[in-house]
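Coordinate analysis (summary)
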Amino acid sequence: MGIGILSTGSYLPKHEVTNDEIAERVGVSPQWIEAKTQIRSRRYAAPHEATSDLATLAAERALDQAGLSAGQIDYVIVSTSTGDFPQPPTSYLVQSALGAWNAACFDVNVVCSGFVYALALAHSLIAQHPTARALVIGADVYSRILDFTDRRTAILFADGAGAAVVGAVPDPCGIMASDLSSRGDAHHLIRVEAGGSRNPASAQTLAEGGHHFRMDGRGVRDFVAEHVPPALTALADRAGVDIAAVDHFVPHQANGVMLTDLVERTGLAGAQTHRTLIRYGNVGSASVPVALDDANRSGALDPGDLVLLAGFGGGMSIGASLLTWGNPI
């Protein structure tokens, strides 16, 4: 048996925010937003919804597709950089909402690479306990930390959650190889400057906007162009696969223009690149699992297809996983 993805699920909030609305708030045209990002709309969480609420709904859909109850899950791993609270971990709130009382729970915070990191962790845990199943969730609510005077970030980010149930699958299906890498020397490119132990919350940090999300867009673009294509090619080589043989590319939905460049630089023109950012924007840790669920539920993935997942983001970090899609359910 291999270890792979048994099912997927996602949840996007009901409130749709179009480019017309964002353009008015940030002082640009809707056409400018689409030209720069390829995003046309995004979803924002309702006032009563927090990250754990979105994560729970995505998890329920993944469990339903797998035909499993929450009590049959051994691990709940939540990737988020916008948790409900500094403490407790968001995964514990999801466990409580689901009733997954047999599961060990923990969070990971690797920003937009987090779902792939969590998937690699689930793979390692199940390798030690072959009958175990893990619920891996990526969820973020970025609308609460955006600065709508900053058009570089306000036009991109949104809210959502995606999930996958991971467990034993028949050979030759499953995860072939994963690769995780970190570049802390680029940590300044994506950040929230206040609210932690170095710069705790105060009247001054609030007045200065220190709790807002900040990003050096040009620096991120250059990092991705330089570091992500060789990382993906090296992963394929290690798995003994020609990168051109990949059938489906499921990347972090950072920016549509950036994705087009990434596909060309990596030699993935022959793969079907799954894009959900046109409808949902950049949903952080949820980007990869939301796009994967969209591909899965649309019937685009066939048994035996090679699927490449790629996350990249704050830290800076890169996470990639190459798997053979199966149909174990």
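Right above here is the structure, for reference.
Thresholds applied
- Residues numbered from 1 in each chain as written.
- Predicted model: local features only at pLDDT ≥ 70, side-chain atom pairs only at ≥ 80, totals over all residues.
- Heavy atoms only, no water.
- Axes fitted to C-alpha atoms, helices over the stretch in contact; angles between N-to-C directions.
- Helix = DSSP H or I, 4+ residues; strand = E, 2+ residues; numbered from the N terminus.
- Left-handed = near helix turned anticlockwise from the far one by under 90°.
- Contact = heavy atoms within 4.5 Å.
- Nonpolar A, V, L, I, M, F, W, Y, C, P; charged D, E, K, R; others polar.
- Pairing = 2+ DSSP bridges.
- Buried < 20%, exposed > 50% of the residue type's maximum accessible area, 1.4 Å probe, protein only.
- Arc of directions from axis to C-beta.
- Polar contact = N/O pair within 3.5 Å; in protein donor to acceptor, adjacent residues only side chain to side chain.
- Phe/Tyr/Trp six-rings, centres within 6.5 Å; stacked < 30°, edge-to-face > 60°.
- Lys NZ or Arg CZ within 6 Å of the ring centre and 35° of its normal.

Section: the packing of helix α8 (residues 217–238) against helix α9 (residues 256–266)
At their nearest, the axes of α8 and α9 sit 9 Å apart, and the two run at 35° to each other. The two elements α8 and α9 cross, and the hand of that crossing is right-handed. Side by side, α8 and α9 meet where Val 220, Arg 221, Val 224, Ala 225, Val 228, Pro 229, Leu 232 and Thr 233 of the first sit next to Met 258, Asp 261, Leu 262, Arg 265 and Thr 266 of the second. Here the contact of α8 with α9 is composed, by residue class, of eight nonpolar, two polar and three charged.

What to know about the sheet that holds strand β14 (residues 317–324)
Pairing within the open sheet is mixed, and its five strands lie in the order β8-β14-β13-β11-β12. The open sheet is flanked by β8 (174–182) and β12 (272–273), the only strands paired with a single partner. Where strand β13 (residues 306–313) meets β14, eight bridges bridge the pair, whose relative direction is antiparallel. Paired with Val 307 across the bridge in β14 is Leu 323. The sheet strands contacting α8 are β8, β11 (248–251), β13 and β14, and the helix crosses β14 at an angle near 30°.

Digging into unusual backbone geometry
Here the residue pair Asp 171 and Pro 172 is connected by a cis peptide bond, since its omega of 5° sits within 30 degrees of zero. Structurally, the position occupied by Pro 172 is in the loop between β7 (159–169) and β8. The linkage connecting Gly 315 with the following residue, Met 316, adopts the cis geometry, with an omega of -5°. Relative to the helices and strands, Met 316 resides in the loop between β13 and β14. We note that Gln 38 has phi near 70°; this positive angle belongs to a residue other than glycine. Along the chain, the position of Gln 38 falls in the loop between α2 (30–37) and β3 (41–44). Taking relative accessible area as the criterion, Gln 38 reaches 27% and is therefore assigned partly exposed.

Quick notes on α9
Among the residues of α9, those classed as buried are Gly 256, Met 258, Leu 259, Leu 262, Val 263 and Thr 266. An end-on view of α9 places all buried positions within 150° of arc, on one side of the element. Those residues of α9 that are buried are in contact with α2, α8, β11, β12, α10 (277–280) and β13. Measuring from the side-chain oxygen of the N-cap residue of α9 to the backbone nitrogen of Val 257 gives 2.8 Å; that N-cap residue is Asn 255. Just downstream of α9, Gly 267 is the residue with a positive phi angle, here 75°.

Brief notes about the packing of aromatic side chains
This model, assessed by the stated rule, comprises four aromatic pairs. Where Tyr 142 meets Phe 157, the ring centres are 5.1 Å apart and the plane angle is 45°; that geometry is what we call tilted. Highlighted residues: Tyr 142 in the loop between β6 (134–141) and α6 (151–154) and Phe 157 in the loop between α6 and β7, separated in sequence by 15 residues. For Tyr 142, a relative accessible area of 1% gives the class buried. Seen in terms of ring centroids, Tyr 142 and Phe 213 are 5.2 Å apart; in terms of plane orientation they differ by 80°. Their pairing is edge-to-face. In this pair, Tyr 142 sits in the loop between β6 and α6 while Phe 213 sits in strand β10 (residues 213–215), placing the two residues 71 residues apart along the sequence. Taking the relative accessible area as the measure of exposure, Phe 213 reaches 3% and is therefore buried. Taken together, Tyr 142, Phe 157 and Phe 213 form an aromatic cluster joined through their ring pairs. If you follow Arg 25 out to its NZ or CZ, it ends over the ring of Phe 148, 3.7 Å from the centre.

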